[in-house]
Structures are given as C-alpha cells and as structure tokens.
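# Breakdown of the fold
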Amino acid sequence: MIKKTAVRFKNFAKENFYIFVLLVLTLFFFHSIISSTKIMKNIHYINDVTFYSSNIKEALKQGALPLWTPYYYSGRPLFAQPEYYFIDFNLLLILLTGNIILAMNLSVIIHLFLTGLGMYLLVLFLIDNKKAAFISALIYMFNGFVHTFVVPGNIMIIEGYSLIPFIFLFTVKALKNKGLIFNSIMAGIFTAFLIFVGGVIFIPYMLLLIAIYSIIYIIDKNAFNRILKLIIVGILISAIALGVSAIKLLPGVEFVKLSNRGAGIPYQEYLGEPIKLNNFGFAFISNVFLKGEHISAAIGIAGFLLLIFGISRFKNKAVLFSSIVILLSLLLSHETFLTKLFFNIPVFNQVRHVERSIFMFAFAASILAGFGFIKIESIAD
C-alpha cells in the first residue's frame, strides 16, 4: 500500500513538475510577505486593501455585506464600487484566519501562482508541450506589466489579471468541442469571479480578446455551423457570468450611473499617459536593460526573440490571434487613429488610462513565446 502510494505520488510529481516549479518561484518571489505582520510598500496595499479588508471583517461580524463605510469621505457606498473585491481568496482567508494582513499576503501569493498556472494550462492546451507552456507561464507571471504596474502600486489588479487565461482557456475549449456546456459554464464562472475580484479594468479588453478570437474562429468553410456554436457558447457564458455575479454587478452598474463615468469621461482621462515611441524598448522589450518611464509590459530580450520566432508560425490560428492582439495593443496604448476610434465605442468610453491595454501585449506575447520555443526546438532537431 505504501509502495503504491509512493509510486502514485512520484508519477503525480513528474506529471506536474512544471506546476510545482511555478509554485516554488511564486513563494520565492513573495517570500518577504509570508507573514502576518509585514506587508509590501505599496500605496494601494497599505491604504485600499487594508481599508477594505477591515470593512469586510467588521461587516462579517455583524452578519452583513460591506455595503457602506462611514470612514471614507464622511461615508460612502463600498460594496457597489466595481473595482473593490468581495468574493475572493482574501475573503476566504479572513474568515479562516481572522488576520487581515496574513489574508492579504496569502491572497496575493495565490493569485500570482494562478497567473502562471492559467497561462501554463492555456498554452499546454494550444500546443501540447509542457516546456513551451512553462516558458509562456513565466513570461506572463514576471513581465514588465507585473513589475511596473501591479506589484509597485496596483496590487489589487493581480486578482483579475490571474483570471484572464482561465476565461480564455475555457472559452476556446468550448468552441473546439471539448465539452461545450461544461467549458462554457466554467468560462462564465471565471468571468463572474473577474467581476467579484474587482477586475472591471479588464472587462473591455477581455471582450476585445474574445471578439478577435471569434472572428478568426468563424473564418472557415463551415462558417454557419461555427457561428451557431459561437452564439450558443456566448449565450451560455453570458448567462452564467451575469447570473452568478449579479449580486456584485448590479449595484456596481447603478453606482457607475451615479458617478462621472455614467455619462462617459473626458478624452484626456480616457487617454491617460500613452506610450511614446522613444519608450518602445522599455515598454515592450526590457524594462531592466533599457531605460524608460511609466508603464511597461516588457517580456525580456529572450522573450521578445521567442515572440518573433512564434510569429513565423502565422498559419496557426492561435498565432494569428496573438499577433492581431499585439498589433491592437500597440495601437491602443500609443495615441493613434484606433485609440480615438475606440473612445466612441460604448464601454471603452468609460475606460480610464487606455494605455493599460498594454496588458494585452503581455497576454498575447506570452502565448507567442510558447510557439516560438516550439519553432526553435524544431530547428534544433
């Protein structure tokens, strides 16, 4: 019995070796906050996360949702704010431990691991190569977007960021007949989680990713059947996502209508701080060896070379999709005709700092890097 268990464990460890490595790297990266007393020197972490977590804990003591806080601007709605999380690991860990700092820290660690795991599973499904999937996961976990935007100042973003690969994975699986109903439901549930964790910043870009993939998907000799399947999958995902997230989504929609975003926002606020051409290297290649400022989604010099090799496999639909996403990300994050066009599109006209669309580069480049590894591997053979 013991021998069989040992063999099973050995096989399990061998089968999931790269996932274990991702976990170890996550723990190493955030080892300084594996603590119930220490937190990161991050203004949103210090202020917003601790503040909202405290309100959640107090509300739970009273058996209620954190609907209102009297401690902010002489009182204001709390639960209804779309960018604030609710049903997530932070809530679960507060319930389990009762320690706000420990819950916050462990939640961040879990979501960084999920960031890598989601991309690993997505690329593994697309390519069926564990080494390539591992490389893609590393790039998605540790690119410039995480270094310059998430960890230093907007740590709450990591929760939504970590869910994007899962949403996309289950959507693609549903469209490829890999359990249409089950995978559509899973995509809907993860989309609902995206709303629960305050990931509304990603909603417009997630819709854009799905729209691009859908257009590429229906370009086929069986276009009618594919359109029909796309409609079914779309309805299922939307129904599940809206139904599950309604408790958070509906108050958020009402809150937005009462805020300045209800009538749209000024163009300059939407535009934010667009990427400059002289900042290209820092923004997209390396934020370590190349100088620059503001936001980045740099994938490293090696990652960028893998991306180039990956594009060479353009006949693959996943590569075509990723290449188009990268092009759109470049055009949106730098003030171009496309940036101005999207300002007139509903949902996008309520987006602040559209240069954050640079995250789509990190997402698509991670996928292309996996294909690039396959290309180099085939050349080496």
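The structure reproduced in this document is the subject of the present report. (Residues numbered from 1 in each chain as written. Predicted model: local features only at pLDDT ≥ 70, side-chain atom pairs only at ≥ 80, totals over all residues. Heavy atoms only, no water.)

## Side note on the pattern of salt bridges
Quick reminder of the rule: We define a salt bridge as a side-chain nitrogen of Lys or Arg found within 4 Å of a carboxyl oxygen belonging to Asp or Glu. Segments assigned H or I by DSSP are reported as helices when at least four residues long, segments assigned E as strands when at least two residues long, and all are numbered from the N terminus.
A complete count under the given rule lists 4 salt bridges for this structure. Among the salt bridges present, the one from Lys 130 reaches Glu 15, with a minimum N-O distance of 3.1 Å. Within this pair, whereas Lys 130 is found in helix H6 (residues 130-142), its partner Glu 15 is found in helix H1 (residues 2-15), the two being separated by 115 residues in sequence.

## Examining the packing of aromatic side chains
One pair of aromatic rings is described through two measures. These are the centre distance and the angle between the planes. To keep things clear, this is the line we draw: Two rings belonging to Phe, Tyr or Trp (six-membered ring only in the last case) form a pair when the distance between their centres is within 6.5 Å. Interplanar angles under 30 degrees mark stacking, angles over 60 mark edge-to-face geometry, and anything in between is tilted. Accessible area is worked out with a 1.4 Å probe on protein chains only. A residue is then buried under 20% of its type maximum, exposed over 50%, and partly exposed in between. Only when the NZ of Lys or the CZ of Arg is both within 6 Å of the ring centre and within 35 degrees of the ring normal is a charge said to sit over the ring.
This structure, assessed with the given rule, holds 30 aromatic pairs. Ring plane angle 70° and centroid distance 4.8 Å describe the contact between Phe 284 and Phe 361, whose orientation is recorded as edge-to-face. Of this pair, Phe 284 sits in helix H13 (residues 280-285) while Phe 361 sits in helix H17 (residues 358-380), placing them 77 residues apart in sequence. Both rings, one in Phe 342 and one in Phe 348, keep their centres 4.9 Å apart while their planes meet at 85°; by these two values the pair is edge-to-face. Accessibility classification places Phe 342 together with Phe 348 in one group, the buried group. In this arrangement the basic side chain of Arg 226 is found over the ring face of Tyr 217, its NZ or CZ atom lying 4.6 Å from the centre. If you follow Lys 248 out to its NZ or CZ, it ends over the ring of Phe 79, 5.0 Å from the centre.

## Considering the nonpolar core
Definition in use: Definition of nonpolar core: a set of buried residues of the types Ala, Val, Leu, Ile, Met, Phe, Trp, Tyr and Cys, connected through side-chain atoms within 4.5 Å. A contact between two residues is defined here by any heavy atoms of the two lying within 4.5 Å.
Core analysis: the largest hydrophobic core is formed by 115 residues, its most contacted members being Phe 145, Ile 164, Leu 209, Phe 321, Phe 359, Phe 361 and Phe 363. Once residues within four sequence positions are removed from consideration, Phe 145 is found in contact with Val 150, Ile 157, Tyr 161, Ile 295, Ser 296, Ala 297, Arg 356, Ile 358 and Phe 359.

## Describing the packing of helix H5 (residues 100-127) against H17
We apply this condition: Every axis corresponds to a line fitted to the C-alpha atoms, with the helix fit spanning only the stretch in contact, and the corresponding angles, defined between N-to-C directions, vary from 0 to 180 degrees. The scheme is simple: roughly parallel for angles under 35 degrees, roughly antiparallel for over 145, roughly perpendicular for 65 to 115, oblique for anything else. Two helices cross in a left-handed way if the nearer one is turned anticlockwise from the farther one by less than a right angle. They cross in a right-handed way if the turn is clockwise. All amino acids are sorted into three groups, where Ala, Val, Leu, Ile, Met, Phe, Trp, Tyr, Cys and Pro are nonpolar, Asp, Glu, Lys and Arg are charged, and the leftover types, Gly among them, are polar.
In contact at an axis separation of 10 Å, H5 and H17 are set at 45° when each is read in the N-to-C sense. The angle between H5 and H17 falls in the class oblique. Crossing angle aside, the handedness with which H5 passes H17 is right-handed. From H5, Met 119, Leu 122, Val 123, Leu 126 and Ile 127 reach across to H17, where they touch Phe 363, Ser 366, Ile 367, Gly 370, Phe 371 and Ile 374. Here the residues of the contact of H5 with H17 are counted per class, giving 9 nonpolar, 2 polar and no charged.

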